[in-house]
Amino acid sequence: MSKELPGYRDQLESVLAAFPDKECLNVLEVSAYTGIGRKTAARIFPFVGHGLGRYITRTSLARALVDVNAKK
């Protein structure tokens, strides 16, 4: 079993607070949450699906945000 990256739980709490009623988020929602452009968000984060149906789960977003911050 892999270890959680430092800050994952805090990031997950932040995402859960921002989107309490949604499990899956689209590119526009992630873009608004992170403050980056839609094209950049679509390229950086591991969305699933094609076209307008692309989505990412809240847990995957939190994991990706922590991973992106850890690489800097």
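Small disclaimer: the values here were computed from a predicted structure and weren't measured.

A. Representation of the overall build of the chain in the model. Along the chain, the regular secondary structure elements total four helices and two strands. For the chain, the sequential pattern of α-helices and β-strands runs α-β-α-α-β-α. In terms of its C-alpha atoms, the chain occupies a principal-axis envelope of roughly 35 × 30 × 25 Å. Across the 72 residues that make up the chain, the buried fraction comes to 29%. Counted over contacts in the chain with a minimum sequence separation of 6, partners at least 24 positions apart contribute 52%. A total of about 5100 Å² of accessible surface is found on the chain, and carbon and sulfur atoms cover 55% of it. Counting 11 positive and 7 negative side-chain charges, the chain places the centres of these two groups 10 Å from one another.

B. Region of the structure containing the environment of Pro20. For Pro20, the position within the fold is in the loop between α1 (8-18) and β1 (24-25). You can call Pro20 exposed: its relative accessible area is 56%. A C-alpha to C-alpha distance of 21 Å links Pro20 and Val48, two positions 28 residues apart in sequence.

C. Highlighting the environment of Gly37. Here Gly37 lies in the loop between α2 (27-34) and α3 (38-44). Between the C-alpha atom of Gly37 and that of Gly7, which follows or precedes it by 30 residues, the distance is 24 Å.

D. Molecular detail of the side chain of Arg58. Of note, Arg58 is situated in helix α4 (residues 58-71). A polar side-chain atom of Arg58 sits 2.9 Å from the main-chain carbonyl oxygen of Lys22. Among residues more than four places away in sequence, those in contact with Arg58 are Leu12, Val15, Leu16, Phe19, Pro20, Lys22, Glu23 and Leu25.

E. Up close: the nonpolar core. Residues Val15, Leu25, Val30, Phe45, Phe47, Ile56 and Leu61 are the most contacted members of the largest nonpolar core, which totals 17 residues. Contributions of two or more residues to this core are made by α1, α2, α3 and α4. By residue number, the principal contributor to this core is α4, which donates five residues. Non-local contacts of Phe45, meaning those with residues more than four positions away in its chain, are made with Val30, Thr34, Ile36, Ile56, Leu61, Ala64 and Leu65.

Reading the values: the criteria
Residues numbered from 1 in each chain as written. Predicted model: local features only at pLDDT ≥ 70, side-chain atom pairs only at ≥ 80, totals over all residues. Heavy atoms only, no water. Helix = DSSP H or I, 4+ residues; strand = E, 2+ residues; numbered from the N terminus. Buried < 20%, exposed > 50% of the residue type's maximum accessible area, 1.4 Å probe, protein only. Contact = heavy atoms within 4.5 Å. Areas by Shrake-Rupley, 256 points an atom, 1.4 Å probe, with all protein chains shown as cover. Lys, Arg positive; Asp, Glu negative; His and termini not counted. Charge placed at Lys NZ, Arg CZ, Asp CG, Glu CD. Polar contact = N/O pair within 3.5 Å; in protein donor to acceptor, adjacent residues only side chain to side chain. Core = buried A, V, L, I, M, F, W, Y, C linked by side-chain atoms within 4.5 Å.

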